[in-house]
Amino acid sequence: MQHHHRIKSWYSNLRLHNKISLAMIIVLALLSVTFSAITTTFFTTRYAKESMIVAEQWLELSVRTVNHEIEAISEAIISSSVKPGFVSLAARSLASEQRELQLLVEAQTYLESIMRSSPLIAAAMVVDRNNHSYFTYDRIPKYNPTLVDFSFLNAQKSITALPALQSPFSLNTKVVPFIVPLKFLESSSYLTVASDQSADLVIAILLDESALYTKLNEAKSLFFRHINTLQFRGQNLLGIAEASAFEPEQSIYWRADTSLDGLTLVMTIERASFKPLLMTIILVSIFSALLIASLGSLVIMEIAQRTTRDFTTMTAMIEQIKEGRYNQEIQPRHDDETGSLIRGINEMHRTLLSQMERIKEEEQEKYRYLSQMLTEQINPHFIYNTLEIINMEVNKEQYGNASQMIQAFAAFLRYSLNQGEDTTSLDREVDHIRKYLMIMNIRLETRIILICDYPKALGEYRIPKSILMPLIENSIRHGFTSALVGAEVPAITIKARRRQGRITLTVADNGQGIDVEQASKALSEGPSDKGHVGLNNVYRRLELYYGQVSVNFSSIPGYRNEVTITLDEPRWPQIHTP
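Basis of the calculations
- Residues numbered from 1 in each chain as written.
- Predicted model: local features only at pLDDT ≥ 70, side-chain atom pairs only at ≥ 80, totals over all residues.
- Heavy atoms only, no water.
- Helix = DSSP H or I, 4+ residues; strand = E, 2+ residues; numbered from the N terminus.
- Buried < 20%, exposed > 50% of the residue type's maximum accessible area, 1.4 Å probe, protein only.
- Contact = heavy atoms within 4.5 Å.
- Areas by Shrake-Rupley, 256 points an atom, 1.4 Å probe, with all protein chains shown as cover.
- Phe/Tyr/Trp six-rings, centres within 6.5 Å; stacked < 30°, edge-to-face > 60°.
- Core = buried A, V, L, I, M, F, W, Y, C linked by side-chain atoms within 4.5 Å.
- Patch = residues over 30% accessible without salt bridge, like charges linked within 9 Å, V, L, I, M, F, W, Y side chains within 5 Å.
- Salt bridge = Lys/Arg side-chain N within 4 Å of Asp/Glu carboxyl O.
- Axes fitted to C-alpha atoms, helices over the stretch in contact; angles between N-to-C directions.
- Parallel < 35°, antiparallel > 145°, perpendicular 65-115°, else oblique.
- Left-handed = near helix turned anticlockwise from the far one by under 90°.
- Nonpolar A, V, L, I, M, F, W, Y, C, P; charged D, E, K, R; others polar.
- Polar contact = N/O pair within 3.5 Å; in protein donor to acceptor, adjacent residues only side chain to side chain.
- Pairing = 2+ DSSP bridges.

## What about the overall build of the protein chain?
For step 1, the next point in the chain: Of regular secondary structure, the protein chain possesses 15 helices and 18 strands.
For step 2, the next point in the chain: Buried residues in the protein chain amount to 43% of all 578 residues.
For step 3, the next point in the chain: For the protein chain, restricting intrachain contacts to residue pairs at least 6 apart in sequence, the fraction spanning at least 24 positions comes to 67%.
For step 4, the next point in the chain: Summing over all exposed atoms, the protein chain offers an accessible surface of approximately 32,500 Å²; the carbon and sulfur share of this is 56%.

## Thoughts on the packing of aromatic side chains
For any pair of aromatic rings, the description consists of the separation of the ring centres together with the inter-plane angle of the planes.
For step 1, the next point in the chain: Taken as a whole and judged by the stated rule, the model has two aromatic pairs.
For step 2, the next point in the chain: Look at phenylalanine 86 and tyrosine 110: their rings are 5.5 Å apart centre to centre, the planes differ by 75°, and that puts the pair in the edge-to-face class. Within this pair, whereas phenylalanine 86 is found in helix α3 (residues 84-95), its partner tyrosine 110 is found in helix α4 (residues 101-115), the two being separated by 24 residues in sequence.
For step 3, the next point in the chain: Between phenylalanine 135 and phenylalanine 169 the ring centres are 5.4 Å apart and the planes differ by 80°, which places this aromatic pair in the edge-to-face class. Taken as a pair, phenylalanine 135 in the loop between β2 (133-134) and α5 (150-154) and phenylalanine 169 in the loop between β4 (165-166) and β5 (174-184) lie far apart in primary sequence, 34 residues in all.
For step 4, the next point in the chain: The buried category is assigned to phenylalanine 169, whose relative accessible area is 15%.

## Section: the nonpolar core
For step 1, the next point in the chain: In terms of nonpolar packing, the biggest core is built from 57 residues, with Ile203, Ile205, Leu207 and Leu263 touching the most fellow members.
For step 2, the next point in the chain: Among the elements that line this core, the one with the most residues is helix α2 (residues 16-81), at 10 residues.
For step 3, the next point in the chain: Residues in contact with isoleucine 203, not counting those within four places in the same chain, are Ile77, Phe86, Ile114, Met125, Val126, Phe178, Ile179, Val180 and Leu182.
For step 4, the next point in the chain: Core analysis: the next-biggest nonpolar cluster, separate from the first, contains 47 residues, Ile389, Leu468, Leu471 and Val551 among them.

## A word on unusual backbone geometry
For step 1, the next point in the chain: Unusually for a residue other than glycine, asparagine 144 sits at a positive phi of about 45°.
For step 2, the next point in the chain: Structurally, the position occupied by asparagine 144 is in the loop between β2 and α5.

## A word on a nonpolar patch on the surface
For step 1, the next point in the chain: A contiguous nonpolar patch, built from Leu101, Val105 and Tyr137 and spanning about 330 Å² of accessible area, is present on the exposed surface.
For step 2, the next point in the chain: Accessibility expressed as a relative area gives 37% for valine 105, which makes it partly exposed.

## Side note on the packing of helix α14 (residues 516-525) against helix α15 (residues 535-546)
For step 1, the next point in the chain: Following both chains from N to C, one finds α14 and α15 inclined at 55°, their axes separated by 7 Å at the closest point. Comparing the axis directions of α14 and α15 gives the class oblique. With respect to the hand of their crossing, α14 and α15 are arranged in right-handed fashion. Across the interface between the two elements, Ala519, Ala522, Leu523, Ser524 and Glu525 of α14 pack against Leu535, Asn536 and Tyr539 of α15.
For step 2, the next point in the chain: Taken together, the residues of the contact of α14 with α15 break down into five nonpolar, two polar and one charged.

## Some remarks on the packing of α3 against α4
For step 1, the next point in the chain: Two elements in contact, α3 and α4, have axes whose closest approach is 10 Å; the angle formed by their N-to-C orientations is 145°. Our pair here, α3 against α4, has a crossing hand that is left-handed. Here α3 contributes Gly85, Phe86, Leu89, Arg92 and Ser93 to the contact with α4, which in turn contributes Leu103, Glu106, Ala107 and Tyr110.
For step 2, the next point in the chain: Across the contact of α3 with α4, the residue classes break down as five nonpolar, two polar and two charged.

## Some details on the environment of leucine 387
For step 1, the next point in the chain: On the secondary structure map, leucine 387 appears in helix α10 (residues 337-395).
For step 2, the next point in the chain: Sequence spacing of leucine 387 and methionine 405 is 18 residues, and the spatial spacing of their C-alpha atoms is 9.3 Å.

## Re the side chain of histidine 132
For step 1, the next point in the chain: With respect to the helices and strands, histidine 132 occurs in the loop between β1 (121-128) and β2.
For step 2, the next point in the chain: On the accessibility criterion, histidine 132 (5% relative accessible area) is buried.
For step 3, the next point in the chain: Separated by 3.3 Å, the side chain of histidine 132 and the backbone oxygen of serine 93 make a polar contact.
For step 4, the next point in the chain: A polar contact of 3.1 Å, which involves the side chain of histidine 132, links it to the backbone oxygen of glutamate 97.
For step 5, the next point in the chain: If sequence neighbours within four positions are ignored, histidine 132 has contacts with Ser93, Ser96, Glu97, Gln98, Arg99, Val126 and Val127.

## Looking at the sheet that holds strand β11 (residues 263-270)
For step 1, the next point in the chain: Strand order across the open sheet formed by four strands is β9-β8-β11-β10, with antiparallel pairing between neighbours. Since the sheet does not close on itself, it has two edges, and those belong to β9 (235-236) and β10 (251-257), each with one partner.
For step 2, the next point in the chain: As paired elements, strand β8 (residues 226-232) and β11 share seven bridges and run antiparallel to each other. Bridge assignment links leucine 230 to a residue of β11, and that residue is leucine 265.
For step 3, the next point in the chain: Its contacts with the sheet put helix α6 (residues 209-216) on β8 and β11, and the angle it makes with β8 is roughly 125°.

None of the figures reported here should be taken as evidence of function without further support.
This is the structure we're talking about:
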């Protein structure tokens, strides 16, 4: 018991990373022993059975490959031989004493169709009993004349595969001939396969030996080394396979019949390579290792979590504070160093919130002060111009116009001084502009039209008060003065859109045009004697309220002159009243 307590005390005094490392070593050692025992038992019992199954599967796969090529070639031969054109060609060739050029031309279509049926075909040819031979244009026999001799081909009597021979068309190529003898049916114009009787003509399919060997052996097994070859009625067809075959006493032979009668696929397996299924062993080993790693990870994670839970809690607290999601304080579970740290983080968070709130209030006060100051820079200019216009109307004894202007001016003042608000809705700003435009129409004796183009939902969007008024004033001042006669229908358009969380405000007119360079300069430097009224003021107020502001100008005199303002979400959306 005393020894047990000593070990426990020693473990408790270890550093955190030493505790975790020790636990990992113990767990992984136990699991490794278990893994070794299970894999050894499993593969000892499954060795023989699995090896035989894999060999059979590879043999079956190779047979399917051969059958696929045989079926494709057979289909092409049958398709060509039953066509009336081919039958007619064969009959005319048999009736002719010499091979005619026209018959060679007509044979091309059928020969090319047969050659396209398989990439293994090196050449296809037709030889009749008159020894008339037909090849594709790119094939001219130069070697091994026996393959183009009807008596040699007809001696086979039925569908036959011959061992690899020298190609009659190429000195460096060997071919495996497949002979298909055809005969006219008695009292009929149809061709059929001749069996044990003399044929009228022979179709010879010459398969490229190298390509055929590659096709048979392109799939390599990871479990053993093997060579596939073909035999026809016990006779080997591929000389390449014989040259590369393993020693007979060190080989295992597997045979399977193909879809062509007499053609057999032989798979020769090197006995020394016929070992347990290596890939299966690897896969099972990987799976077992992953299983062991997963179980070990779960155990280690549980141990680490219990040991470092308080540090994890503090990390989560700091992340929540960084993201502004720490709404409810977490209390420490223990009265130790970690508990003191958690209480310190809570106290720091409370102090930080208090300081941020104070800074926020100071920034809001600063915004209210600057916004009010800039707004007051605009109003005296409007008031002065309006009073001057009213005075001129009274002097001209235009009392009706003066009365309308006074009413509109009173509404203008109510809007400007209404409860000292810093912001207003887009609808109220537009209504304010209508009253201003009424005064200017009377003053200029014009009918400037105001067009509003924005969705109904944007009518309640909050913007700084009197922010569009200077743009309207600039449109009238610079667009509709002495040159107003040139505009048949003078119009000012206010357009607003919301796209991807941003608001775009556009003020456009069809007046004389904008000096884009001077207007852009006025944004940062303020207007000159002939500059644009209030552009710098508008830009500064928008920067205060939104932070990121983009102002662009475009001008086509007499057609469309635009000031486009693009706004992000406001920095102070909650500020509506002082």
